[in-house]
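The primary structure of each chain is shown beneath.
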Amino acid sequence: MPDFSLSPEQVSLVDLARKFARTVMAPQAAECDRTGRFPEEIYRKAFDAGLVNLNVPQEYGGSGLSLLDQCLIVEELAYACAGMTTSIIANCLALEPILLGGTVEQRERFLKPFCAKYQLASFCLTEPTGGSDAGALRTRATRDGSDYLLDGEKCFITNAPHASLYTVFATVDPSQRHRGITAFVVPRSTPGITPGPDEEKMGHRASSTSTIRFEQVRVPAENRLGAEGEGFALAMRTLDQTRTPIGALATGIAQAALDHAARYALQRRSFGRPIAEHQAIQIKLANMVQRVRAARLLTWQAAAAIDAGARGTLESSIAKCFASDTAMEVADEAIQTFGGYGYMKSYPVEKLLRDAKLTQIYEGANEIQRLVIARELLATYA
Ligand code: COS
């Protein structure tokens, strides 16, 4: 019988993240959502609390947490504000290629100074002409002596205008499709980098998303992660690690929606009694709690499998896909439980629906997750 209880250390992590989320993040969440403000002071406090760079080993200055521990934290943060959580965990996504593909020397050179103080990093893969078909990216890496020159444009890049470090995927030869893709670590101080203005987004409005342009950006070959052509597999291995925390983030949104709906149902009255006593509402709540718990279990299962050494391609796609669909469904049902009030911006649940939507799209649209799941599944029957 598997033991799903948390260790005392994990309970402490949850307590730390919950306290931070509810006392520091939650009070600012509605204002940041309304104005689109990027609350950098909160991200600094998250860094001081040890809630940023969760995946980086302590020897390099990070928190050195297992994936399951990261998921426990991410769910708590997202319960308070998914947008802020996206900006906080974007560092994990951007730094993962250095952890997976960097040499010991590169990890020392990039991660130690980066993690020594508050800084943000961005993962630069998606381009205006292609997101799902990552193998078709067009940003060029042209060899020039002992350097490369990067030219191209990325889009939908979290934290791009605020980051001091970028992991950039570019191709040394587009005719080779994914076999030409190569990964580089690029400091913001390198000439030729221009982040675009913040996009006006439907949700996750406390996070920053923009394009970023690279024009004749000179990067020394010692900033290349792995060999030429190894970048695509490195991006996929990175996403195998980071899609599970997106499952946790979506679970946090879903749990918040369920909590709001249940509390509202107990105090809102219709036909002479609390609406929680109507079967129509009870059935909604019963379906919601099942989905939320299943999403959490699938997320924990994926994290535990990866922590135990599995590649996790199948498990992380299942967790991300199921939990994000759950967040959408549960937020939708929470709005329905609130009725007209649920549609109003002065109530908290419409934000949850807008935030949930992105979790079905980023780190691989759920159509791509289903493609990955089907491929992995069918391979076990072949
Ligand atoms: N780990 C390691 N290697 C992997 C891998 C993984 N999880 N997945 C694929 N690869 C390797 C394959 O083994 C193959 O290697 P070879 O060249 O040696 O044969 C290579 O990568 C190409 O794989 P594949 O044929 O599966 O590539 P496709 O172009 O058919 O599709 C998908 C790949 C669609 C799965 C990929 O493009 C993808 O995940 N797209 C979504 C991208 C995304 O999530 N973007 C969000 C960015 S962050 S917001």
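What counts, and where the lines are drawn
- Residues numbered from 1 in each chain as written.
- Predicted model: local features only at pLDDT ≥ 70, side-chain atom pairs only at ≥ 80, totals over all residues.
- Heavy atoms only, no water.
- Helix = DSSP H or I, 4+ residues; strand = E, 2+ residues; numbered from the N terminus.
- Phe/Tyr/Trp six-rings, centres within 6.5 Å; stacked < 30°, edge-to-face > 60°.
- Buried < 20%, exposed > 50% of the residue type's maximum accessible area, 1.4 Å probe, protein only.
- Lys NZ or Arg CZ within 6 Å of the ring centre and 35° of its normal.
- Core = buried A, V, L, I, M, F, W, Y, C linked by side-chain atoms within 4.5 Å.
- Axes fitted to C-alpha atoms, helices over the stretch in contact; angles between N-to-C directions.
- Parallel < 35°, antiparallel > 145°, perpendicular 65-115°, else oblique.
- Left-handed = near helix turned anticlockwise from the far one by under 90°.
- Nonpolar A, V, L, I, M, F, W, Y, C, P; charged D, E, K, R; others polar.
- Near = heavy atom within 4 Å.
- Polar contact = N/O pair within 3.5 Å; in protein donor to acceptor, adjacent residues only side chain to side chain.
- Areas by Shrake-Rupley, 256 points an atom, 1.4 Å probe, with all protein chains shown as cover.
- Contact = heavy atoms within 4.5 Å.
- Salt bridge = Lys/Arg side-chain N within 4 Å of Asp/Glu carboxyl O.
- Pairing = 2+ DSSP bridges.

Asker: In this structure, what is going on with unusual backbone geometry? I would like to understand it.
Answerer: Comment: phi is negative for the bulk of residues other than glycine, and the bulk of peptide bonds are trans. Notably, arginine 177 is not glycine yet its phi reads approximately 45 degrees, a positive angle. Take arginine 177: it is sitting in the loop between strand S4 (165-171) and strand S5 (181-187). In this structure, histidine 204 is a non-glycine residue whose phi angle is positive, near 50 degrees.

Asker: So what exactly am I meant to see when it comes to the packing of aromatic side chains here?
Answerer: Pairs of aromatic rings are described using the distance from one ring centre to the other and the angle between the two planes. Counted under the stated rule, the structure contains eight aromatic pairs. With a centroid separation of 6.4 Å and an interplanar angle of 85 degrees, the aromatic rings of tyrosine 166 and phenylalanine 214 are classed as edge-to-face. Here tyrosine 166, found in strand S4, pairs with phenylalanine 214, found in strand S7 (residues 209-220); they are 48 residues apart in sequence, far enough to count as distant. Among the residues examined, phenylalanine 214 registers a relative accessible area of 1% and is labelled buried. Lying over the aromatic face of tyrosine 79, arginine 22 brings its terminal NZ or CZ to 4.2 Å of the ring centre. When the ring centre of phenylalanine 322 is taken as reference, the NZ or CZ atom of arginine 291 above it lies at 4.3 Å.

Asker: Sorry, what's going on with the nonpolar core here?
Answerer: Within soluble globular proteins, side chains that are nonpolar generally end up buried alongside one another. Within the largest apolar cluster, 71 residues are counted, with the highest numbers of intra-cluster contacts made by Phe20, Met25, Tyr43, Ile73, Leu77, Met84 and Leu249. Among the elements that take part in this core, helix H6 (residues 231-267) stands out by supplying twelve residues, more than any other. One finds Ala94, Cys115, Ala121 and Ala134 within the second-largest nonpolar core, a separate group that totals 25 residues.

Asker: Explain the packing of H6 against helix H8 (residues 313-338) to me, please; I cannot follow it from the model alone.
Answerer: For any two helices packed against each other, the geometry is given by the interaxial angle and the distance between the axes. Two elements in contact, H6 and H8, have axes whose closest approach is 7 Å; the angle formed by their N-to-C orientations is 20 degrees. Taken as axis vectors, H6 and H8 run roughly parallel relative to one another. H6 and H8 meet at a crossing whose hand is left-handed. Of the residues in the contact of H6 with H8, the class split is 17 nonpolar, ten polar and three charged.

Asker: Help me out: how do you make sense of the site of the ligand in this one?
Answerer: Inspection of the region around the ligand gives 23 residues, with Ser132, His178, Asp240, Arg243 and Arg375 positioned closest. In this structure, a nitrogen atom belonging to the ligand sits 2.8 Å away from a main-chain N or O atom of serine 132. Measuring from an oxygen atom of the ligand, one finds a backbone N or O atom of glycine 364 at 3.1 Å. When the free accessible area of the ligand is taken as 1,000 Å², the share hidden by the protein chains comes to 71%. Top element by residues in the shell around the ligand is H6. It accounts for seven residues. When grouped by side-chain class, the residues that make up the shell around the ligand number nine nonpolar, six polar and eight charged.

Asker: In this structure, what is going on with the side chain of glutamate 76? I would like to understand it.
Answerer: Along the chain, glutamate 76 turns up in helix H3 (residues 67-80). Separated by 2.9 Å, the side chains of glutamate 76 and arginine 18 make a polar contact. Excluding anything up to four places from it in sequence, glutamate 76 contacts Val14, Ala17, Arg18, Ala21 and Arg22.

Asker: What am I meant to see in the pattern of salt bridges here?
Answerer: Opposite charge on two side chains allows them to pair when their charged atoms are near. On inspection of all chains with the given rule, the structure shows 21 salt bridges. Residue glutamate 200 is joined to arginine 205 by a salt bridge in which the shortest nitrogen-to-oxygen separation is 3.0 Å. Residue glutamate 200 is classed as exposed on the basis of its relative accessible area, which comes to 69%. Residue classification places arginine 205 among the buried residues on the basis of a relative accessible area of 14%. In this structure, aspartate 355 and lysine 351 form a salt bridge, with 2.7 Å as the shortest nitrogen-oxygen distance.

Asker: Please clarify how the pairing of S4 should be interpreted in this entry.
Answerer: Counting buried residues in S4 gives seven out of seven residues, a clear majority hidden from the surface. Residues of S4 alternate between two faces, with Leu165, Thr167, Phe169 and Thr171 on one and Tyr166, Val168 and Ala170 on the opposite face, all of them buried. Sheet topology places S4 next to S5; seven bridges connect them, and they run antiparallel. Bridging across to S5, alanine 170 finds its partner in threonine 182.

Asker: Is there a simple way to explain the pairing of strand S3 (residues 147-158) in this structure?
Answerer: If a strand is regular, its side chains alternate between the two faces of the sheet. Counting buried residues along S3, nine of its twelve residues qualify, which places the element largely inside the surrounding structure. The sheet contact formed by strand S2 (residues 140-144) and S3 spans five bridges and is antiparallel. Bridge pairing in S3 places arginine 140 opposite aspartate 151. Between S2 and S3, which pair antiparallel and follow one another directly, the connecting turn spans two residues, one of which, glycine 145, has a positive phi of 65 degrees. Both S3 and S7 contribute to a ladder of nine bridges, which runs antiparallel. Residue leucine 150 lies in a different strand from S7, and its bridge partner there is valine 217.

Asker: Would you explain the packing of helix H4 (residues 82-101) against helix H5 (residues 104-116) in this entry?
Answerer: Running from amino to carboxyl end, H4 crosses H5 at an angle of 155 degrees, the nearest separation of the two axes being 9 Å. Classified by the interaxial angle, the pair formed by H4 and H5 is roughly antiparallel. Seen from above, H4 lies across H5 with left-handed handedness. Packed against H4, whose contacting residues are Asn91, Leu95, Ile98, Leu99 and Gly101, the element H5 presents Gln106, Arg107, Phe110, Leu111 and Phe114 at the interface. Of the residues belonging to the contact of H4 with H5, the class tally is six nonpolar, three polar and one charged.

Don't take any of this as a statement about function, it's just geometry.
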